[in-house]
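# Chain and residue survey
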Amino acid sequence: MKKTLLAAGFAVLALAPARAGDDCKHIIIVVSLDMLPASGNRVVVPAAIGGKPLRMIVDTGGYITAFSEDKAQELGLPIDVVPESGIVMFGGQPLRRTVTLSNFSLGHLKAPRLEYPLLPPGFLGPDIDGLLSPDFLANFDLDFDFAGGKLNLVSKDHCDGKVGYWTNVPPIGIPIVRELDGVHISTHVTIDGRDVKAMIDTGAPHSLMSLDTAEDLFDLKDNDPRFVSLANGPNRTSGARKFPFQKMSFGGVDVNNPDIVLVPDSEMKMGPHGPKMILGLSILRQLHLYIAYREKMLYVTPASEHK
């Protein structure tokens, strides 16, 4: 199901208007959303269906924008049951209930009439009504201002690299790649001097790395006394551990003592050719993060690096 947010006809905010004789287009914010308080270390923003407020997780690691079946029932929305939607949740559960909306909005931005899958009751938790995934998000640049508590959806129509409006120091630019699924994005980071390919997942509260990768890259033994076993790993994983890594580097931007959970390959299920790490909010919140989908670049500064 292809989804596109329509920006036409709405007022937008130019952060740095072009000077006379300057042909370079500066970035334009299409809509700016508050990051709402939420449990479980999540990026949650406001949305609405027919003016009724929603709380949506911003999930760059998701596949498709969806709503909670609980919320659809609460709002009295007409729910359709389809024999085979082709959408399967992690673990193999198919999604067969959908809702068609013509009044879904983010701030002043309104979506066209579209069909959305519904997630099972209780799947998202009591304070979350849906997921915003790359089928919507990748129509824009994404500007995560964690220090300011804002998510800005930015027009892609600007000059390459002209994005660092929040800082007097040019942000570090790092290439990103689309994974084989055509949805998720990855980049390369350095952890204690070793290169690691990592998927950027703002829907993940924790940052995860393959335990097998960690043992190979850092020449660790299974009985290394620096390992700390976790009784309950993220997403009910077993065999999870932590290790005292010293530094993660995004080009010239460093995160000291990065909080990374190590999970066996058999439970990470990233595949032999996929990234070896998921960059979640335990690390991303320490950055000002700008994802430029068209440029295929990630721009970062420390979260506190503001004018």
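This report concerns the structure included in the present document. Keep in mind the model is a prediction, meaning the values are calculated, not measured. (Residues numbered from 1 in each chain as written. Predicted model: local features only at pLDDT ≥ 70, side-chain atom pairs only at ≥ 80, totals over all residues. Heavy atoms only, no water.)

Within strand S25 (residues 287–292), 6 of the 6 residues are buried, which leaves the element mostly enclosed by the surrounding structure. Neither face of S25 is left uncovered, since the one carrying Leu287, Leu289 and Ile291 and the one carrying His288, Tyr290 and Ala292 both have all their residues buried. Note that strand S12 (residues 141–145) and S25 share 4 bridges and pair antiparallel. Counted as the bridge partner of leucine 142 is isoleucine 291 from S25. With 6 bridges joining them, S25 and strand S26 (residues 297–302) adopt antiparallel strand pairing. Residue tyrosine 290 lies in a different strand from S26, and its bridge partner there is tyrosine 299. Here S25 folds back onto S26 in antiparallel fashion, the turn holding 4 residues, of which lysine 296 has a positive phi close to 60°. (Buried < 20%, exposed > 50% of the residue type's maximum accessible area, 1.4 Å probe, protein only. Helix = DSSP H or I, 4+ residues; strand = E, 2+ residues; numbered from the N terminus. Pairing = 2+ DSSP bridges.)

Attention now moves to the sheet that holds strand S4 (residues 52–58). Strand order in the open sheet formed by 9 strands is S6-S7-S10-S5-S11-S4-S3-S8-S9, with mixed pairing between adjacent strands. For this open sheet the edge positions go to strand S6 (79–81) and strand S9 (109–110), each flanked by a neighbour on one side alone. Note that strand S5 (residues 66–68) and strand S11 (residues 130–132) share 2 bridges and pair antiparallel. Bridge pairing in S11 links alanine 66 to leucine 131.

For asparagine 257, which is not a glycine, the phi torsion comes out positive at approximately 50°. One can find asparagine 257 in the loop between strand S22 (253–256) and strand S23 (260–263). When its relative accessible area of 56% is taken as the criterion, asparagine 257 is described as exposed. Phi is positive for lysine 296, close to 60°, though the residue is something other than glycine. Look at lysine 296 and you get exposed, because its relative accessible area is 53%.

Bringing the pattern of salt bridges into the picture now. Pairing of side chains with opposite charge becomes possible as their charged atoms draw close. Tallied over the full model, the rule gives 11 salt bridges. Note that lysine 247 and aspartate 254 form a salt bridge whose closest N and O atoms lie 3.8 Å from each other. Taking the relative accessible area as the measure of exposure, lysine 247 reaches 38% and is therefore partly exposed. Several salt bridges share partner residues, and in doing so they unite Arg42, Arg55 and Asp127 into one network. (Salt bridge = Lys/Arg side-chain N within 4 Å of Asp/Glu carboxyl O.)

Turning our attention to the side chain of arginine 241. Along the chain, the position of arginine 241 falls in strand S20 (residues 241–242). Classification of arginine 241 by relative accessible area gives buried; the value is 14%. Within the structure, arginine 241 has its side chain in polar contact with the backbone oxygen of aspartate 222 (distance 2.9 Å). If near-sequence neighbours (up to four positions away) are discounted, arginine 241 is found in contact with Leu211, Glu215, Asp222, Phe227, Val228, Ser229, Leu230, Ile260, Val261 and Leu262. (Polar contact = N/O pair within 3.5 Å; in protein donor to acceptor, adjacent residues only side chain to side chain. Contact = heavy atoms within 4.5 Å.)

Further remarks concern the packing of aromatic side chains. Two numbers describe a pair of aromatic rings. These are the distance of the centres and the angle of the planes. Summed over the entire model, instances satisfying the criterion amount to 12 aromatic pairs. Ring centres of phenylalanine 67 and tyrosine 116 lie 5.0 Å apart, and the angle between their planes is 75°; on these two criteria the pair is classed as edge-to-face. Of this pair, phenylalanine 67 sits in strand S5 while tyrosine 116 is found in strand S10 (residues 114–119), placing the two residues 49 residues apart along the sequence. Each of the two residues, phenylalanine 67 as well as tyrosine 116, counts as buried. Ring geometry for tyrosine 165 and tryptophan 166: centres 5.4 Å apart, planes at 80°, overall edge-to-face. With a relative accessible area of 24%, tyrosine 165 lands in the partly exposed category. Put simply, the rings of Phe67, Phe104, Tyr116 and Phe136 touch in pairs and so form one group of aromatic residues. The ring of phenylalanine 227 has arginine 241 lying over it, and the distance from NZ or CZ to the ring centre is 4.9 Å. (Phe/Tyr/Trp six-rings, centres within 6.5 Å; stacked < 30°, edge-to-face > 60°. Lys NZ or Arg CZ within 6 Å of the ring centre and 35° of its normal.)

Everything listed here is a matter of coordinates, which is why it stays silent on function.
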